[in-house]
Amino acid sequence: MDRTPEARTIVVSGVPQHELDCRRMADKLVIHFQKAKSAGGDVEKIKYPTSIKGVAYITFEEKEVADRVLTVEQLLADKELEKEYPLTVYRFSEEVFCYTHAEVDLSLFSEHEKLVKELRTRNRAVRISPLQANQRVQVEGPFTAIKKLREDLLQLLETSQREKSVTARDRRRERQSSRAVTPEQGAAPFSSETDASNTEACLIWLDTNVFRYIQHVHKDDFDWILKKHDVQATTQVEGELTGVTLKKSYQGLWQLETAKLEMEQWVSNVQSRLHTEMIHYEKDFEEEKFLQACKDVSCGFPRVLFTPVEGHIDIIGNSSDCYLFCQLVEMQMKSSLHDKDRWLSTSPGATDMSYYSTGRTGEPNSLPMTMNSDMHRMPGNNLYSSMHCDSWSER
């Protein structure tokens with residue numbers, strides 16, 4: 001039996017941050033996880049606070065206790081706390097050191113409360129906030145768990161759209177049956193509605209940035225799959241998701257399903273190799289400068305796509321290309337600032353350009369710019385993740 005500290009350790013997220021001081025909150029957590037109603041036991045040590053806000057690491061004396069608390073819904077309640085706080089608890093692993101925060105848009109779904117409950121059941125390692133009025137939720141957890149949540153959402157969305165498509169087709173067929181005529185009555189006149197019912201369609205949901213990258217770099221391959229199976233495609237952008245509808249006449253429905261499977265496999269293969277970097281800028285007026293730098297650098301990177309988003313620019317491509325692209329953009333921006341500094345040093349009256357010459361950090365020639373990594377995106381707006389790295393150590 002594995003009795004290593006890692007096997008006896010759990011991760012606790014959702015710890016209230018502003019009600020008690022850190023030492024007192026750590027005591028409350030220890031007491032909570034020693035209670036029988038929490039399925040707890042003797043706690044060997046606790047690490048709180050950590051570099052991840054609202055997250056604690058708790059090590060039990062016995063592995064069985066760590067396994068047991070994972071099976072129980074944990075609700076932190078104490079007379080010193082203003083309210084009860086649901087805690088998200090999952091097994092400790094190295095993946096927790098890549099901890100991700102995100103916002104998910106659920107507006108494309110129906111029965112939102114039921115959906116949130118199902119997502120919590122499927123993804124125990126992800127903390128999901130209560131549903132907001134704009135049909136969005138905040139999620140946080142290890143990057144791999146967030147990635148799985150994204151896959152679950154895409155699967156649920158595709159299933160929902162397929163069910164709607166089947167229902168619509170059945171209704172069309174019912175209308176056709178009700179309009180059927182006997183030979184004595186004569187043939188019914190041809191109508192556009194009947195023509196539309198002679199086609200079948202299936203829907204594939206893609207991340208919008210992935211679809212843009214495919215159109216930018218792999219459009220010929222995309223079109224070749226459509227031509228190979230003799231299907232047509234239409235697209236509909238829904239924020240962070242793009243729906244690709246494949247259409248085919250009833251005479252070739254097997255080709256439609258084959259085209260869908262091949263398209264999904266090909267897209268998955270392309271996406272698995274993609275990496276996204278984010279170039280952040282501090283002020284709105286800097287966006288034009290960074291975009292121009294990206295345009296200049298992109299001439300040497302035909303397989304990299306850059307897309308402006310509010311507050312940052314997405315750089316999409318393979319890992320090495322994205323990294324080098326961002327480095328060259330930073331070098332070009334620094335070079336631009338050096339040129340401005342030299343011009344200002346020879347111009348009378350240039351006395352207060354410290355922001356441009358020193359950046360936000362006060363270090364010479366540093367830029368007000370940061371870059372974060374994120375391998376994939378999920379459905380929803382503002383869904384890029386800030387990734388925090390931590391290392392295990394005794395408090």
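Residues numbered from 1 in each chain as written. Predicted model: local features only at pLDDT ≥ 70, side-chain atom pairs only at ≥ 80, totals over all residues. Heavy atoms only, no water.

## Details of unusual backbone geometry
Going by this rule: Secondary structure elements follow DSSP: runs of H or I of four or more residues count as helices, runs of E of two or more count as strands, with numbering from the N terminus.
In the segment running from Tyr48 into Pro49, the intervening peptide bond is cis, with an omega of 0°. Although it is not a glycine, Ala39 sits at a positive phi angle of roughly 60°. Here Ala39 shows up in the loop between helix 1 (22–32) and strand 2 (43–47). You will see that Asp230, though not glycine, has its phi angle at about 55°, which is positive.

## Observations concerning the environment of Gly40
To be explicit about the condition: Residue contacts are defined here by distance: any two heavy atoms, one from each residue, within 4.5 Å place the two residues in contact.
Relative to the assigned elements, Gly40 resides in the loop between helix 1 and strand 2. Separated by 24 residues in the primary sequence, Gly40 and Glu64 place their C-alpha atoms 9.5 Å from one another. When sequence neighbours within four positions are dropped, the list of residues in contact with Gly40 reads Phe33, Gln34, Lys35, Val65, Arg68 and Val69.

## Describing the sheet that holds strand 1 (residues 9–13)
Quick reminder of the rule: Any two strands with at least two DSSP-identified bridges between them are counted as paired. For every element, the axis is a line fit to its C-alpha atoms; helices are fit only across the contacting stretch, and the angle between N-to-C directions ranges from 0 to 180 degrees.
Spatially, 2-3-1-5-4 is the arrangement adopted by the five strands of the open sheet, whose pairing is antiparallel. Each end of this open sheet is capped by a strand with a single partner; those strands are strand 2 and strand 4 (74–76). If you compare each strand with its neighbour and ignore which way they point, the axes differ by 30° on average. As paired elements, strand 1 and strand 3 (residues 55–60) share five bridges and run antiparallel to each other. In the strand pairing of strand 3, Ile10 is matched with Ile58. Set on the sheet, helix 1 makes contact with strand 2, strand 3, strand 4 and strand 5 (85–91); between it and strand 4 the angle comes to about 140°.

## Focus: helix 6 (residues 208–217)
Here is the rule: Throughout this description, buried means an accessible area under 20% of the type-specific maximum (1.4 Å probe, protein chains only), exposed means over 50%, and partly exposed covers the range between. What qualifies as a polar contact is a pair of N or O atoms within 3.5 Å, subject to a donor-acceptor requirement within protein and to the restriction that residues adjacent in sequence count only when both atoms come from side chains.
With respect to burial, helix 6 is a largely interior element, seven of its ten residues being buried. For helix 6, every residue scored as buried is listed here: Thr208, Asn209, Val210, Phe211, Tyr213, Ile214 and Val217. The N-cap residue of helix 6 is Asp207: its side-chain oxygen and the backbone nitrogen of Asn209 are 2.9 Å apart.

## Considerations on the nonpolar core
The criterion, for reference: To form a nonpolar core, buried Ala, Val, Leu, Ile, Met, Phe, Trp, Tyr and Cys residues must be joined to one another through side-chain atoms within 4.5 Å.
Ranked by internal contacts, the top residues of the largest apolar core, which has 31 residues, are Val96, Leu106 and Val139. The element best represented in this core is helix 4 (residues 143–179), accounting for seven residues. Those residues within four positions of Val96 in sequence are excluded, and the remaining contacts are Val11, Ile52, Tyr57, Tyr90 and Pro142. The next biggest cluster of nonpolar side chains, apart from the first, holds 24 residues, and it includes Val15, Val43, Val65 and Val69.

## Examining the confidence of the model for the protein chain
Fine structural detail should not be taken from predicted coordinates in areas where pLDDT scores are low. Cut-off, in case you're wondering: Scored from 0 to 100, pLDDT reflects the predictor's confidence in each residue.
Per-chain confidence: the protein chain averages 76 in pLDDT, with 73% of residues scoring 70 or above. Under a pLDDT of 50 for its full length, residues 179–198 has, in the predicted model, 14 contacts with residues more than four places off or in other chains. The low-confidence segment residues 346–395, where pLDDT is below 50, has 155 contacts with residues more than four positions distant or belonging to other chains.

## Notes on the side chain of Thr50
You can see Thr50 is positioned in the loop between strand 2 and strand 3. Overall, Thr50 belongs to the buried group, its relative accessible area being 14%. Reaching out from Thr50, the side chain makes a polar contact with the backbone oxygen of Ile52 at a distance of 3.1 Å. A distance of 3.0 Å separates a polar atom in the side chain of Thr50 from the backbone oxygen of Val55.

## What about the packing of aromatic side chains?
Where we set the bar: Only centres within 6.5 Å qualify two rings of Phe, Tyr or Trp (six-membered ring in Trp) as a pair; their planes then separate them into stacked at under 30 degrees, edge-to-face at over 60, and tilted for everything else.
All told, the structure shown has six aromatic pairs when counted by the stated rule. Residues Phe33 and Phe60 carry aromatic rings whose centres are separated by 6.3 Å and whose planes lie at 70° to one another, so their mutual orientation is edge-to-face. Taken together, the residues span a long stretch of sequence, with Phe33 in the loop between helix 1 and strand 2 and Phe60 in strand 3 at a distance of 27 residues. Per residue, the accessibility class of Phe33 equals that of Phe60, and both read buried. Aromatic side chains Phe301 and Phe325 sit 5.5 Å apart centroid to centroid with 75° between the ring planes, which places their arrangement in the edge-to-face category. On the criterion of sequence distance, the pair formed by Phe301 in the loop between helix 9 (287–298) and strand 13 (305–309) and Phe325 in helix 10 (residues 319–345) is long-range, its members being 24 residues apart. Taken individually, Phe301 and Phe325 each receive the classification buried, so the pair is uniform in this respect. Ring pairs connect the aromatic residues Phe301, Phe306 and Phe325, which therefore count as one cluster.

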